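Working through the structure, step by step
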Amino acid sequence: MEKRNVPEIRFEGFTDDWEKCKIGDIAEIVSGGTPDTNNPNYWDGDINWYAPAEIVDQIYVSKSERKITELGLQKSSAKMLANLNLMMPNRDEQERIAAHFKSLDKLIIFYQRKYEKLKLFKEAMLEKMFPKNGEKVPEIRFKGFTDDWQQCKLDVIADVRDGTHDSPQYTVDGHPFVTSKNVKDGYINYNDIQFISEKDYKEVNKRSKVDKNDILMGMIGTIGNIALVREIPDFAIKNVALIKDTGNIFYLYLYHCLQSASIVNQLNGNLDGGTQKFIALNKVRELDIPIPNVDEQHKIGDCMEYFDNLIILHQHKYEKLKLFKEAMLNKMFI
């Protein structure tokens with residue numbers, strides 16, 4: 001059978017083949033390509049010129065940061081773009097497809113903005129719900145709490161260790177081997193992780209066994225990235241501070257407190273190293289932790305965890321919608 005020029009998925013009622021045309025036949029190309037950046041005659045005109053970075057993750061754009069002249073347009077690769085082939089349905093089908101993706105884009109933007117606003121809101125709460133350096137109470141508190149907060153070193157309320165200093169031989173599979181690069185945004189990132197053998201896993205864990213509700217903190221590179229161990233772990237660690245849950249402080253309170261401005265400032269003020277910054281384990285142990293009473297710890301920890309769950313919910317919805325749109329773009333166009 002002759003292959004028809006139709007997409008894999010289309011709206012009911014449309015059966016005609018799509019027709020081939022060139023982009024230049026259906027649209028005016030007013031930008032595209034990169035004119036010689038050293039020629040002043042090509043730049044600072046009135047024609048939009050979008051750099052790739054300006055359109056990453058952008059659904060709608062209104063104007064570009066730089067503009068080119070008509071001469072710059074003629075010397076760019078925009079005429080090459082005009083010659084690219086494009087498959088087109090009839091006008092009615094075009095409008096149905098456009099309306100579908102417009103609706104999908106609105107949903108993506110909605111969840112993206114909700115996610116970004118919630119992240120900013122949490123940052124503000126981290127600033128206001130924990131005392132600033134030298135202060136004994138935070139700016140915002142739950143009703144009924146009036147006592148001054150106490151302050152003590154991290155190693156007084158928690159068992160602070162680090163991972164192995166050795167470099168076990170990596171294996172094709174086995175136990176994940178978590179380093180500072182894998183600790184990010186509250187979670188262990190397994191996308192780029194190495195594995196070690198059962199023997200090395202047991203040897204490393206003699207020194208620094210990780211358990212549920214422990215906290216990990218990166219010590220090399222991006223300092224202060226932390227992760228809460230939410231499930232029974234099956235990994236070993238290196239170049240990571242291990243802050244073990246001893247029950248002396250509510251683990252969710254401590255986890256969010258370690259993200260507060262006061263702690264971040266202390267970490268940034270104690271960095272060592274040149275190009276690649278690091279923080280020594282003794283400096284982590286000496287972090288000054290503000291501590292309210294147990295009831296207030298639970299109120300704050302549970303509240304901040306609620307914000308985190310909302311952020312993750314909207315982030316997942318946003319990411320799923322983006323993947324769904326990518327799938328639809330592949331199936332609804334030729």
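Residues numbered from 1 in each chain as written. Predicted model: local features only at pLDDT ≥ 70, side-chain atom pairs only at ≥ 80, totals over all residues. Heavy atoms only, no water.

**Some thoughts on the pattern of salt bridges**
Side chains that differ in charge, positive against negative, can pair when their charged atoms come close. Here is the rule: Salt-bridge detection follows one rule: a side-chain nitrogen of Lys or Arg within 4 Å of a carboxyl oxygen of Asp or Glu. Helix and strand labels come from DSSP, where a helix needs a run of H or I of at least four residues and a strand needs a run of E of at least two; each type is numbered from the N terminus. Only protein chains enter the accessibility calculation, which uses a 1.4 Å probe; a residue whose area is less than 20% of its type maximum is buried, one above 50% is exposed, and one in between is partly exposed.
Applying the stated criterion across every chain, the model contains 19 salt bridges. D288 is paired through a salt bridge with K153; the nearest N and O atoms lie 2.8 Å apart. Taken together, the residues D288 in strand β15 (residues 288-291) and K153 in strand β5 (residues 150-153) connect sequence positions 135 residues apart. Residue class for D288 comes out partly exposed when judged on its relative accessible area of 24%.

**A word on the environment of F195**
Convention followed: Any pair of residues with heavy atoms lying within 4.5 Å of one another is described as a contacting pair.
Checked against the element boundaries, F195 lands in strand β10 (residues 194-196). When its relative accessible area of 25% is taken as the criterion, F195 is described as partly exposed. Between the C-alpha atoms of F195 and K212, which are 17 residues apart in sequence, the distance is 20 Å. If near-sequence neighbours (up to four positions away) are discounted, F195 is found in contact with Q169, Y170, T171, V172, D173, G174, H175 and P176.

**A look at unusual backbone geometry**
Not every positive phi belongs to a glycine, and D44 is a case in point at roughly 65 degrees. Mapped onto the elements of the fold, D44 is located in strand β2 (residues 43-49). A relative accessible area of 68% places D44 in the exposed class. For N213, which is not glycine, the phi dihedral falls at a positive 75 degrees. For N213, a relative accessible area of 18% gives the class buried.

**Thoughts on the packing of helix α5 (residues 91-128) against helix α11 (residues 294-332)**
What counts, and what does not: Note on method: axes are straight lines fitted to C-alpha atoms, helices fitted across the in-contact stretch only, with angles between N-to-C directions ranging 0 to 180 degrees. Throughout, the term roughly parallel applies to angles under 35 degrees, roughly antiparallel to angles over 145, roughly perpendicular to angles from 65 to 115, and oblique to all others. Each crossing is labelled by how the near helix is turned from the far one, with a counterclockwise turn of less than a right angle marking it left-handed and a clockwise turn marking it right-handed. Charged means Asp, Glu, Lys or Arg here, nonpolar means Ala, Val, Leu, Ile, Met, Phe, Trp, Tyr, Cys or Pro, and polar covers whatever is left, Gly included.
Between α5 and α11, whose axes approach to 9 Å, the crossing angle comes to 160 degrees. One finds that α5 runs roughly antiparallel with respect to α11. Between α5 and α11 the crossing geometry is left-handed. For the contact of α5 with α11, the per-class residue count stands at 21 nonpolar, 4 polar and 8 charged.

**Focus on the packing of aromatic side chains**
Quick reminder of the rule: Each pair of aromatic rings taken from Phe, Tyr and Trp, with Trp reduced to its six-membered ring, is defined by centres within 6.5 Å and is described as stacked if the planes are under 30 degrees apart, edge-to-face if over 60, and tilted in the remaining cases. Consider the ring centre and the ring normal. A charge sits over the ring if Lys NZ or Arg CZ is within 6 Å of that centre and within 35 degrees of that normal.
Overall, the coordinates contain 11 aromatic pairs when judged by the stated rule. Relative to F333, the ring of F101 has its centre 5.8 Å away and its plane inclined at 40 degrees; by these criteria the two rings are tilted. Here F333 lies in the segment after α11 and F101 lies in helix α5, a separation of 232 residues in the sequence. Where F110 meets Y111, the ring centres are 5.0 Å apart and the plane angle is 80 degrees; that geometry is what we call edge-to-face. What makes F110 partly exposed here is its relative accessible area of 43%. Cation over ring: R66 sits above W43, and NZ or CZ is 4.0 Å from the ring centre. The ring of F11 carries R96 above its face, with NZ or CZ at 4.4 Å from the centroid.

**Some thoughts on the nonpolar core**
Generally speaking, soluble globular proteins have nonpolar side chains that are buried together. Where we set the bar: Remark: nonpolar core denotes a set of buried residues (Ala, Val, Leu, Ile, Met, Phe, Trp, Tyr, Cys) joined through side-chain atoms within 4.5 Å.
Core analysis: the biggest nonpolar cluster contains 38 residues, and L154, L258 and I289 have the highest contact counts within it. In terms of residues, this core owes the most to one element, helix α8 (residues 251-257), which gives 5 residues. In this structure, M87, I97, L104 and I108 belong to the second largest nonpolar core, which totals 13 residues.

**Quick notes on helix α7 (residues 198-208)**
The cut-off we apply is this: This arc describes the spread of directions from the helix axis toward the C-beta atoms.
Of the positions making up α7, those classed as buried are Y201, V204, N205 and S208. Seen end-on, α7 carries its buried residues on one side only, within an arc spanning 100 degrees. What points out from α7, more than 90 degrees from its buried face, is the exposed set K199, K202 and K206. Buried residues along α7 sit against β6 (159-162), β7 (175-178), β10, β13 (236-237) and β14 (240-244).

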